[in-house]
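Summary of the model geometry
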Amino acid sequence: MKPLVPYFLVVIWIVIGMQEGVHMDECIFEKLDGEESMFCRGHLQILYPELGDVACTYIPKCNLYRKQISKEWSSPKVRYQQADENKKYVLIMVDPDAPSRANPKYRFWRHWTVINIPGADLKKGKLQGFVLSDYRRPTPPSRTGYHRYQFLLYEQPASQDISLSPEESSSAGSWKVENFVNKFQLGTPVASAQFMTKHYSD
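Residues numbered from 1 in each chain as written. Predicted model: local features only at pLDDT ≥ 70, side-chain atom pairs only at ≥ 80, totals over all residues. Heavy atoms only, no water.

Within this structure, the stated rule accounts for 12 aromatic pairs. Summarising the aromatic geometry, the rings of Tyr-65 and Trp-73 are spaced 6.3 Å apart at their centres and angled 35° between planes, so their arrangement reads as tilted. When its relative accessible area of 7% is taken as the criterion, Tyr-65 is described as buried. Trp-73 sits in the buried class, given a relative accessible area of 9%. (Phe/Tyr/Trp six-rings, centres within 6.5 Å; stacked < 30°, edge-to-face > 60°. Buried < 20%, exposed > 50% of the residue type's maximum accessible area, 1.4 Å probe, protein only.)

Laid out in structure tokens, this is it:
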């Protein structure tokens, strides 16, 4: 028969762990895989407080991270170290799973649109540009599962005066991203990234 660990030793181990700041529940940062990971191209970094770069990851529930990303933190830092300092860029953030991935009737929900971003600033993670639509925090509805939050980075054509139409400005939902990209001849994204999260109470 194997000897049992005395109860008082277990208590001491817990107390010492608490005193040294050891977390009993490990916070696991899980990477996206398969088709979901293929969306991440070009090493575009999406940086939130405490979490660091969340590109191609699930936002973990531990430490209230899902709640903070939905209710507390402002826009992330976005860094693209391969940016050309002589060019400007367009950044788009959308949710293709609104209101749910099973029934995305409001795809693409526009969360952020910034134009005229200098390449030199983008290399440093400073998004100095003109905001067409303000940052909206990721707020997936309860019981709708994981939502993808996608970031698309484009080189901005020098000759284009980019804007949202009155119809686009009036509503963030059901945004036709492809039409917007084609209208202003943005072409293929030079980099893209996404993370996934769900409602913090689920």
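The subject of this paragraph is the sheet that holds strand 4 (residues 88-95). Strands pair in a sheet through their backbones, by hydrogen bonds, and they do so in one of two ways: parallel or antiparallel. Spatial strand order, 6-5-4-7-8: five strands in an open sheet with antiparallel pairing. In the strand order of this sheet, the two ends are held by strand 6 (130-133) and strand 8 (191-197), each with one partner. Strand-to-strand twist in this sheet, taken as the mean axis angle between neighbours without regard to direction, amounts to 15°. With six bridges connecting them, strand 4 and strand 7 (residues 147-155) associate as antiparallel partners. Among the inter-strand pairings, Val-90 is bridged to a residue of strand 7, identified as Tyr-154. (Pairing = 2+ DSSP bridges. Helix = DSSP H or I, 4+ residues; strand = E, 2+ residues; numbered from the N terminus. Axes fitted to C-alpha atoms, helices over the stretch in contact; angles between N-to-C directions.)

With that settled, the discussion passes to the environment of Leu-91. When you line up the elements, Leu-91 lands in strand 4. C-alpha of Leu-91 to C-alpha of Gly-129: the two residues are 38 residues apart in sequence and 9.6 Å apart in space. Beyond its immediate chain neighbours, meaning those up to four positions away, Leu-91 contacts Val-78, Trp-112, Thr-113, Val-114, Ile-117, Leu-127, Phe-151, Leu-152 and Leu-153. (Contact = heavy atoms within 4.5 Å.)

Right, let's get into the state of the cysteines. Evaluation of the coordinates by the stated rule reveals one disulfide. Across the disulfide from Cys-27 sits Cys-62; the S-S distance is 1.8 Å. The sign of the 45° torsion about the S-S bond sets the Cys-27-Cys-62 disulfide as right-handed. Linking Cys-27 in the loop between helix 1 (7-19) and helix 2 (34-38) with Cys-62 in the loop between strand 2 (52-53) and helix 3 (65-71), this pair joins segments that are 35 residues apart in sequence. The class of Cys-27 is partly exposed, set by a relative accessible area of 21%. (Disulfide = S-S within 2.5 Å.)

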